[in-house]
Amino acid sequence: DYGNVETIPESAVYDMEPQFNRLPYQAIECFMANIEPLPSDGGKPRWSKTARDVFDDLVVGKVLIAHVLSRGFDNTLYVALFDTTTEQDTRIDHALVEAGLARRVNIYREQPAKERVG
């Protein structure tokens, strides 16, 4: 799933063939774990346009690695996202925090890699 969004006319929407109804979902809902937006002018945390634009720059059109940290009661996943396409890996939530666009919260425990292996 590349997160593409497109607006099309209703005339271009068709019923799905019945045989495709049995296929497993190809995308699932997930959230970045241990990060939240900074408070807005109203005091409530809300992602700023700048934060959304930087997030888009970090993830759009890239194949990312998602490390699942937790699964919610409704099977929603809480993940850490990594861009491993360059020489230096980028952890998306850390990049947003380092840019001053988000803050860390410690809700989900993260195991060091050596504890996950084996």
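The rules behind each value
- Residues numbered from 1 in each chain as written.
- Predicted model: local features only at pLDDT ≥ 70, side-chain atom pairs only at ≥ 80, totals over all residues.
- Heavy atoms only, no water.
- Helix = DSSP H or I, 4+ residues; strand = E, 2+ residues; numbered from the N terminus.
- Buried < 20%, exposed > 50% of the residue type's maximum accessible area, 1.4 Å probe, protein only.
- Pairing = 2+ DSSP bridges.
- pLDDT = per-residue confidence, 0-100.
- Contact = heavy atoms within 4.5 Å.
- Salt bridge = Lys/Arg side-chain N within 4 Å of Asp/Glu carboxyl O.
- Phe/Tyr/Trp six-rings, centres within 6.5 Å; stacked < 30°, edge-to-face > 60°.

## A few points about unusual backbone geometry
Most of the time, phi is negative for any residue but glycine, and the peptide bond is trans.
Right, so step 1: We note that Asn-34 has phi near 60°; this positive angle belongs to a residue other than glycine.
Right, so step 2: Mapped onto the secondary structure, Asn-34 falls in the loop between β1 (30-32) and β2 (35-37).
Right, so step 3: We note that Asn-75 has phi near 70°; this positive angle belongs to a residue other than glycine.
Right, so step 4: On the secondary structure map, Asn-75 appears in the loop between β3 (65-71) and β4 (77-83).

## Things to note about the pairing of β4
Right, so step 1: When you tally the buried positions in β4, you get 5 out of 7 residues, the bulk of the element.
Right, so step 2: In this structure, β1 lies alongside β4, joined through 3 bridges in parallel fashion. In the strand pairing of β4, Met-32 is matched with Val-79.
Right, so step 3: Pairing analysis gives 6 bridges linking β3 to β4, with the strands arranged antiparallel. Bridge pairing in β4 places Arg-71 opposite Leu-77.
Right, so step 4: Between β3 and β4, which pair antiparallel in sequence order, lie 5 residues; one of them, Asn-75, sits at a positive phi of approximately 70°.
Right, so step 5: Bridge analysis of β4 against strand β5 (residues 90-91) gives 2 bridges, and the strand direction is antiparallel. Each residue of the ladder has a partner; that of Asp-83, found in β5, is Thr-90.
Right, so step 6: Linking β4 back to β5 in an antiparallel pair, the connection comprises 6 residues.

## Focus: the confidence of the model for the protein
Right, so step 1: Averaged over every residue, the pLDDT of the protein is 85; residues scoring 70 or more account for 89%.
Right, so step 2: Across the protein, the secondary-structure element scoring lowest on mean pLDDT is helix α3 (residues 113-116), at 48, and the one scoring highest is helix α2 (residues 92-98), at 96.
Right, so step 3: In the model, residues 113-118 has pLDDT below 50 throughout and makes 3 contacts with residues more than four positions away in sequence or in other chains.

## Here we look at the pattern of salt bridges
Right, so step 1: Applying the stated criterion across every chain yields a total of 5 salt bridges.
Right, so step 2: Among the salt bridges present, the one from Asp-93 reaches Arg-91, with a minimum N-O distance of 2.7 Å. Each of the two residues, Asp-93 as well as Arg-91, counts as buried.
Right, so step 3: Among the salt bridges present, the one from Asp-93 reaches Arg-104, with a minimum N-O distance of 3.3 Å. Remark: Arg-104 occurs in strand β6 (residues 102-104) and Asp-93 occurs in helix α2; sequence separation between them is 11 residues.
Right, so step 4: Residue Arg-104 is classed as partly exposed on the basis of its relative accessible area of 33%.
Right, so step 5: Salt bridges sharing common partners tie together Arg-91, Asp-93 and Arg-104.

## Regarding the packing of aromatic side chains
Two aromatic rings, taken as a pair, are described by how far apart their centres are and by the angle between their planes.
Right, so step 1: What the rule picks out here adds up to 1 aromatic pair.
Right, so step 2: Where Phe-31 meets Tyr-78, the ring centres are 5.8 Å apart and the plane angle is 25°; that geometry is what we call stacked. Linking Phe-31 in strand β1 with Tyr-78 in strand β4, this pair joins segments that are 47 residues apart in sequence.
Right, so step 3: When its relative accessible area of 39% is taken as the criterion, Phe-31 is described as partly exposed.

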